[in-house]
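Results of the structural survey
Each chain, letter by letter, is given below.
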Amino acid sequence: MLRESELPQQAVCMMMSSQSIQLSKREHICTVVANDAVNDAYNHLILDAPPLALQAAVPGQFFHLLCPQVDALTPFLRRPMSIYRIDREQNRLHFLYKLVGAGTRAMAHLRPGDSFNVFGPLGRGFWLEPSWQNLLVVARGVGLATLAPLAQLARQEGRRLFAICSARSPEYLLSVDYFAEMGARVLPVTDSEGTSGVTAVTHLITHLIETEHIDAFFTCGSNRLLKLLQQLGRQHNIPGQIALEQQMACGLGMCYCCVRTFVQDGQRIDLRVCKEGPVFDLQEALTW
Ligand SMILES: Cc1cc2nc3c(=O)[nH]c(=O)nc-3n(C[C@H](O)[C@H](O)[C@H](O)COP(=O)(O)OP(=O)(O)OC[C@H]3O[C@@H](n4cnc5c(N)ncnc54)[C@H](O)[C@@H]3O)c2cc1C
Ligand code: FES
């Protein structure tokens, strides 16, 4: 992967256009309402957003964020970030982000009242088949940010949701209160308590399948969880979806930098995570 400073001219022109692009109906200038630390690794950003930004947004979609430039932090490309929460009544758009590198560290400098440029909503989000009444979310770390708005959708549509939330230790368990607030049954598991290993999580999921008649699985990011859910999905004939992460440049389907390989009907095909995803059929994703 190229460093940002080594990007070819063609790509640079395209990125520049994302910095200077004329305001369209998909680029939105929001105002920061809050940007607070959740713990030493994650921040919760709340934006006042134009209704147009929220109107068609669905869980699993993402926005491409134009991070600020702060001192030595000079992110050039936009950074993709899943929708954490959509509040159409108050025109609020939420993101839960991990402090990783230049872009997210620069975002941590945003203060209430600052303007923030977001582009989206982009990609294909989660979808619920009418027959899926009992949904199971299994996620870890920042994956919980991507899966949290499913709780909102499940509540709106009258579906039952179970959420196995995994983390290193209890202080890194994200979204647990939010899942509970939305009526989900939350099952936290952690490394420090010895409850997040594959064997323990397999027992937990199998128990839920038997007692709660789980109809669909939802997960995000983790290869270990993908493998486990694919195996249990095949064994119990339970479908599912996965939200994938991939480094992105344009976020719009033009540059092909986010392509990953999938299997559809026995054939290997390459799909763009930003356009055909980021949510894909669980069994079609290849483990890595
Ligand atoms: C669909 C999607 C949803 C996501 N949702 C969330 C979320 O809800 N919360 C969360 O915390 N994280 C989320 N992520 C991950 C998040 O986008 C990254 O953590 C973030 O981009 C890191 O940026 P950074 O600058 O802080 O870190 P860095 O690791 O420094 O940034 C990435 C580095 O890679 C370089 N780079 C990036 N893209 C390219 C490229 N195309 N070509 C060349 N170099 C490149 C940059 O220059 C930079 O140096 C999501 C990712 C995707 C794809
Ligand atoms: S990021 Fe450009 S095609 Fe996906």
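Below you will find a few notes about this structure. (Residues numbered from 1 in each chain as written. Chains lettered and ligands numbered in written order. Predicted model: local features only at pLDDT ≥ 70, side-chain atom pairs only at ≥ 80, totals over all residues. Heavy atoms only, no water.)

**Quick look at the packing of aromatic side chains**
Across all of its chains, the model carries five aromatic pairs by this definition. Ring geometry for F126 and F218: centres 5.8 Å apart, planes at 75 degrees, overall edge-to-face. Highlighted residues: F126 in the loop between β7 (115–122) and β8 (134–140) and F218 in strand β11 (residues 216–220), separated in sequence by 92 residues. Considered together, F126 and F218 belong to a single accessibility category, that of buried residues. Here W132 and F218 contribute two aromatic rings whose centre-to-centre distance is 6.0 Å and whose plane-to-plane angle is 75 degrees, an arrangement assigned as edge-to-face. In this pair, W132 sits in the loop between β7 and β8 while F218 sits in strand β11, placing the two residues 86 residues apart along the sequence. (Phe/Tyr/Trp six-rings, centres within 6.5 Å; stacked < 30°, edge-to-face > 60°. Helix = DSSP H or I, 4+ residues; strand = E, 2+ residues; numbered from the N terminus. Buried < 20%, exposed > 50% of the residue type's maximum accessible area, 1.4 Å probe, protein only.)

**Topic: unusual backbone geometry**
Cis peptide bonds are those with omega within 30 degrees of zero, and the linkage from G120 to P121 qualifies with 0 degrees. Tracing the chain through its elements places P121 in strand β7. At D71, a residue that is not glycine, the phi angle is positive and equals roughly 50 degrees. As for its position among the elements, D71 is in the loop between β3 (62–66) and β4 (79–82).

**As for the pairing of strand β13 (residues 259–264)**
Two elements, β13 and strand β14 (residues 267–272), share six bridges in a ladder whose sense is antiparallel. Along β14, the bridge assignment pairs V263 with R268. (Pairing = 2+ DSSP bridges.)

**Looking at the nonpolar core**
With 34 residues, the main nonpolar core has L135, V137, L147, L150, L161, F179 and F218 as its most contacted residues. Only β8, α4 (143–156), β9 (160–167), α5 (176–181) and β11 provide two or more residues apiece to this core. For this core, the two domains that each supply at least three residues are domain 1 (4–122) and domain 2 (134–284). Dropping the residues within four chain positions of it, L161 is found in contact with L135, V137, A151, A154, F179, A184 and R185. (Core = buried A, V, L, I, M, F, W, Y, C linked by side-chain atoms within 4.5 Å. Domains from an automatic or database assignment. Contact = heavy atoms within 4.5 Å.)

**Examining the sheet that holds strand β12 (residues 240–243)**
The sheet built from six strands is open, its strands ordered β10-β9-β8-β11-β12-β15 with mixed pairing. Every other strand in the sheet has two partners, leaving β10 (185–190) and β15 (279–281) as the edge strands with one partner each. Recorded for the sheet is a direction-independent mean angle of 20 degrees between the axes of neighbouring strands. Alignment of β12 against β15, held across three bridges, turns out to be antiparallel. Residue A243 lies in a different strand from β15, and its bridge partner there is V279. On top of the sheet, α4 reaches β8, β9, β11 and β12; it is set at about 160 degrees to β8, its chief contact. (Axes fitted to C-alpha atoms, helices over the stretch in contact; angles between N-to-C directions.)

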